[in-house]
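Coordinate analysis (summary)
Here's the letter readout for the chains.
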Amino acid sequence: MTADSAPAEYLAEFVDGPLEGEFDRRALVGDGSEARIGMVAAVDGLESLFWYDRIDEREVAGELRARFRFDPSDSDPVEADEEND
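Predicted, not measured: the structure shown is a model, and the values here were computed from it. (Residues numbered from 1 in each chain as written. Predicted model: local features only at pLDDT ≥ 70, side-chain atom pairs only at ≥ 80, totals over all residues. Heavy atoms only, no water.)

Once that is clear, we can look at the environment of Trp51. With respect to the helices, strands and loops of the structure, Trp51 is situated in strand S4 (residues 46–60). Look at Trp51 and you get partly exposed, because its relative accessible area is 26%. Sequence separation between Trp51 and Ser73 is 22 residues; the distance between their C-alpha atoms is 8.7 Å. Excluding residues that lie within four positions of it along the chain, Trp51 makes contacts with Arg36, Ile37, Gly38, Arg69, Phe70, Asp71, Asp74 and Ser75. (Helix = DSSP H or I, 4+ residues; strand = E, 2+ residues; numbered from the N terminus. Buried < 20%, exposed > 50% of the residue type's maximum accessible area, 1.4 Å probe, protein only. Contact = heavy atoms within 4.5 Å.)

What follows is the structure, encoded as structure tokens:
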């Protein structure tokens with residue numbers, strides 16, 4: 001790969017779910033962004049695995065960007081730890 005080749009990374013944007021509004025710079029896979037991303041994040045001090053599926057990808061100012069939507073069915077649950085007596 002030469003310096004004139006496409007960039008080796010892209011910017012992932014999380015549009016909903018626990019990571020809503022977050023961005024992550026990630027390595028390109030093949031010619032584009034990943035179709036599915038597993039992200040580990042701490043919620044209320046507990047690490048959880050969240051799955052996100054790509055919605056679309058586009059080029060913005062010469063940089064590849066991809067938007068991802070939360071998949072709650074495959075992700076760890078995010079629940080408030082409330083006890084009812």
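There's more to say after this.
In this section: the nonpolar core. Core analysis: the largest hydrophobic core is formed by 13 residues, its most contacted members being Tyr10, Ala12, Phe14, Leu19, Ile37, Tyr52 and Phe68. Of all the secondary-structure elements, those providing two or more residues to this core are strand S1 (9–14), strand S3 (36–43), S4 and strand S5 (63–70). Here the element with the most residues in this core is S5; it accounts for 4 residues. Setting aside residues no more than four positions away along its own chain, Ile37 makes contact with Tyr10, Ala12, Phe14, Arg26, Phe50, Trp51, Tyr52 and Phe68. (Core = buried A, V, L, I, M, F, W, Y, C linked by side-chain atoms within 4.5 Å.)

Strand order across the open sheet formed by 5 strands is S2-S1-S5-S4-S3, with mixed pairing between neighbours. Taken across any chain shown, the strands that pair with only one partner, and hence form the sheet edges, are strand S2 (23–27) and S3. Neighbour-to-neighbour, the strand axes of this sheet turn through a mean angle of 40°, independent of strand direction. In this structure, S1 lies alongside S5, joined through 4 bridges in parallel fashion. Within S5, the position partnered with Leu11 by the bridge is Arg65. (Pairing = 2+ DSSP bridges. Axes fitted to C-alpha atoms, helices over the stretch in contact; angles between N-to-C directions.)

It is worth spelling out the pattern of salt bridges at this point. For the structure on display, the rule yields 11 salt bridges. A salt bridge links Glu9 to Arg25, with the shortest nitrogen-to-oxygen separation between them at 3.8 Å. Of this pair, Glu9 sits in strand S1 while Arg25 sits in strand S2, placing them 16 residues apart in sequence. Assessed through its relative accessible area of 38%, Glu9 is described here as partly exposed. Residue Arg25 is classed as partly exposed on the basis of its relative accessible area of 43%. A salt bridge links Asp71 to Arg36, with the nearest nitrogen and oxygen atoms 3.2 Å apart. (Salt bridge = Lys/Arg side-chain N within 4 Å of Asp/Glu carboxyl O.)

For the rest of this paragraph, the subject is the packing of aromatic side chains. The tally for this structure, following the rule as stated, stands at 4 aromatic pairs. Taken together, the aromatic side chains of Phe14, Phe50, Tyr52, Phe68 and Phe70 make up a single cluster linked through ring pairs. (Phe/Tyr/Trp six-rings, centres within 6.5 Å; stacked < 30°, edge-to-face > 60°.)

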